[in-house]
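Topology and contacts: notes
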Amino acid sequence: MAETLAGAASDAAEAMPEFPMPRAEGCPFALPPAVEELREQNPISKVRIWDGSTPWMITGHALQRALLTDPRVSANDKSPGNFPFVTAYRQQIAEYTPELIVNTDAPEHTRLRRMVNGPFLVKRIEAMRAPIQKIVDGLIDDMLAGPNPADLLTALALPVPSLVISELLGVPYADHEFFQENSSLALDRAAAPEDSRAASTALSTYLDDLLGKKLTDPGDDVLSEMAGRVTAGEMSRSEAVHMGVAMLIAGHETTATMISLGTLVLLENPEQLALVRDSEDPKVVAGAVEELLRYLSIVQVGLRRVATEDIEIGGQVIRAGDGLIVDLHAANWDPEAFPGPDQVDVTRPARKHNAFGYGPHQCLGQSLARLELQIVYSTLYRRVPTLRLATSVEELEFDHSGTTYGVASLPVTW
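Residues numbered from 1 in each chain as written. Predicted model: local features only at pLDDT ≥ 70, side-chain atom pairs only at ≥ 80, totals over all residues. Heavy atoms only, no water.

Per the secondary structure count, the protein includes 17 helices and twelve strands. Over its C-alpha trace the protein gives a radius of gyration of 22 Å, about what one expects of a compact globule, namely 22 Å for 414 residues. Overall, the protein is about 75 × 55 × 35 Å in size when its C-alpha atoms are taken along their principal axes. Within the protein, buried positions represent 52% of all 414 residues. Split by element, the accessible area of the protein, about 18,200 Å² in all, is 54% carbon and sulfur. Across the protein, the mean location of the 34 positive side-chain charges is 7 Å away from that of the 57 negative side-chain charges. (Helix = DSSP H or I, 4+ residues; strand = E, 2+ residues; numbered from the N terminus. Rg over C-alpha atoms; globule rule 2.2 N^0.38 Å. Buried < 20%, exposed > 50% of the residue type's maximum accessible area, 1.4 Å probe, protein only. Areas by Shrake-Rupley, 256 points an atom, 1.4 Å probe, with all protein chains shown as cover. Lys, Arg positive; Asp, Glu negative; His and termini not counted. Charge placed at Lys NZ, Arg CZ, Asp CG, Glu CD.)

The subject of this paragraph is the sheet that holds strand 8 (residues 323-326). A sheet is described by the order of its strands in space; here five strands give the open sequence 1-2-8-5-3, paired in mixed fashion. The open sheet has two edge strands with one neighbour each: strand 1 (44-46) and strand 3 (73-74). With four bridges connecting them, strand 5 (residues 303-307) and strand 8 associate as antiparallel partners. When the bridges of strand 8 are listed, arginine 304 appears paired with isoleucine 325. (Pairing = 2+ DSSP bridges.)

Quick look at the structure:
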């Protein structure tokens, strides 16, 4: 009997869908059909991941919000149970990874977030509007003065957030190629563990050296603020370094992807582009940013969590120790929250999307990302009204290897 039950359990695990799931052919932004099917059948379902474990995948919008605010759901990858790691490398280093805002719960998470929250408050971010506008205008000037066609990814999408986060953190922009290359490798799910480890080490060493300089010669930047907290004994040097690495990576990759993919979506939907380009109302552009964040949902590996107690929800019982994958894309395409989710509608009230997560771990830099996107979207199409793709969507190379997906390049002409 025991062998029969074990065999049945094994067969059930084998029959489970694997995550991440392949995307549909034709539309590179569409929700994978298997994910859509799971959400329709049961928005709390088990899936199998790379190590053979079978965490719950949460695909419903309301269910995600309930679980992401439930104190019985932990972001701590050292919690007892089966935390669903993204890669083998992440699993290997979990034991040695310091406590950060991404892998801690209250009260430690609250303390760490308070250490870095100030520079990302809405008022301080809004004060950056004019400097960011200057950066965007300068890059568009350079693009228009250069070769036509141009690669929007290298001409605008990557430089904008790289320049902004470099200025905010106090990192020399001259080193942007170094941190872009290493951050991409550190996040590459297909990379060999030793390559990911080397890239992470390179970034940590770089930030540690830079933090050391800020300890003796501080400036007006986030790293200098953290250096001051290290000196005051409020945070350790290791915490400051790893926090800096996390902000450096998150501060350029996701926004760069949103600039390029958002532009691609608008170019493919000219009536929506016209609404953004021709409106004088900043609320229209702000609304378009929210809709594009909802539609694209560029984080493709989901938020990873583990249950610390039994949780009864959505007709299922999540047991203590069970892993959870919160699939943000699925929630943002949930028709119960967003009717006609596969259609882009920049007039849609989409602010309740989950693109930045939800709850206490909601993205620290969301106000900065929103501001950068609003400035780019309100400037680029107005200054270059004839902007169009210099190739077909079918010829674009999409990269799905990292925690987000994007294009290898975006050739445009005007």
